[in-house]
Structures are given as structure tokens and as C-alpha cells.
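Now for the letters of each chain:
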Amino acid sequence: MGWAVKNSEKISLTEEECRKVYKVCEKKAREYSGKMAVVLSTEEAMGLRIRLAEPNGVMLIRPNGDVKFDCVSPFKIGNVKNNKLKEIWNLKGKHVYKNKELLAYIRSIRKSTDY
């Protein structure tokens, strides 16, 4: 996000570093099997597209009370200072990927610098 995206070429991992990260994650997934899921995230643009195929399972509550469905997109779906979390989830959260504005936003992303 932010400066990281603008400077991604300077801070991106090398292929060798990526392989090391994947090996550690695979090891930790085996180590914590049955206790918690260890999941590798994809590039955000691809991740948003993948999530279109399934119901939303995540909400993020910001320090100011805003509720979002992820860290990157510009959409908030409510605020816990104004509504109960269950209301936000039932009204917008669990079906967030059917929102026309959000769908247009996701379709507009072609590469990581687009969001």
C-alpha cells in the first residue's frame, strides 16, 4: 500500500527470497495443522478476483470504527459507532462482492499499481 506500491521494484523480494518464504510457510502450515490455518496471500488484484467466487468471510474494523472488507480497497461498508457489527455484516458484509461499485473497481484493476 502507499509508498510500498510506488517503490515496489526496490523492495520486492527476489525469486530466491520468495522460495524461502514459501518454504517457511509450508513448514508452518504443517506445524500448525489442526490448530490454525497458515495461508499465503496472492497479489491483491488477483485476490479480489478470486474472492468474487465465494461469499465474503472477512471484515476489518479500523481505529475510527469504519468497517471495510479488506485493507486495500477504498470502500467502507459501515461504522461500528453507528451500527452494530451484526447489522453491518447482514446488510453489506456477507454479500459485499455483489456490490456494483465494488465489482467495477475490481474489474478496473489490471496490475498492482492500479489500486
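Residues numbered from 1 in each chain as written. Predicted model: local features only at pLDDT ≥ 70, side-chain atom pairs only at ≥ 80, totals over all residues. Heavy atoms only, no water.

**A closer look at the sheet that holds strand 1 (residues 60–61)**
Put simply, the test is: Paired strands, in this sense, are two strands between which DSSP finds at least two bridges. Helix and strand assignments come from DSSP, with helices taken as H or I runs of at least 4 residues and strands as E runs of at least 2, each series counted from the N terminus.
Reading across the sheet, the 3 strands line up as 1-2-3 and stay open at both edges, with antiparallel pairing between neighbours. Among the strands making up the open sheet, the edge pair consists of strand 1 and strand 3 (78–79). Strand direction decides the pairing type here: strand 1 and strand 2 (residues 66–68), joined by 2 bridges, are antiparallel. Bridge assignment links L60 to a residue of strand 2, and that residue is K68.

**A short note on the environment of I61**
Let me state the cut-off plainly: Summary of the burial criterion: residues with accessible area below 20% of their type's maximum are buried, those above 50% are exposed, and those between are partly exposed, where the area comes from a 1.4 Å probe applied to protein chains only. Whether two residues are in contact is decided by their heavy atoms, any of which lying within 4.5 Å being enough.
Structurally, the position occupied by I61 is in strand 1. The exposure class of I61 is partly exposed, given its relative accessible area of 44%. Taking the C-alpha atoms as reference points, I61 and N79, separated by 18 residues in sequence, lie 8.1 Å from one another. Leaving out residues up to four positions away in the same chain, I61 has contacts with D66, V67, V80 and L85.

**Points about the pattern of salt bridges**
Test applied: Salt-bridge detection follows one rule: a side-chain nitrogen of Lys or Arg within 4 Å of a carboxyl oxygen of Asp or Glu.
Summed over the entire model, instances satisfying the criterion amount to 4 salt bridges. A salt bridge links E15 to R19; the nearest nitrogen and oxygen atoms lie 3.9 Å apart. In this pair, E15 and R19 are both assigned in helix 3 (residues 15–31), 4 residues apart and thus about one turn of the helix distant. On the basis of relative accessibility, which here comes to 63%, the residue E15 falls in the exposed class. Each of E15, E16 and R19 takes part in salt bridges that share partners, so that together they form one network.

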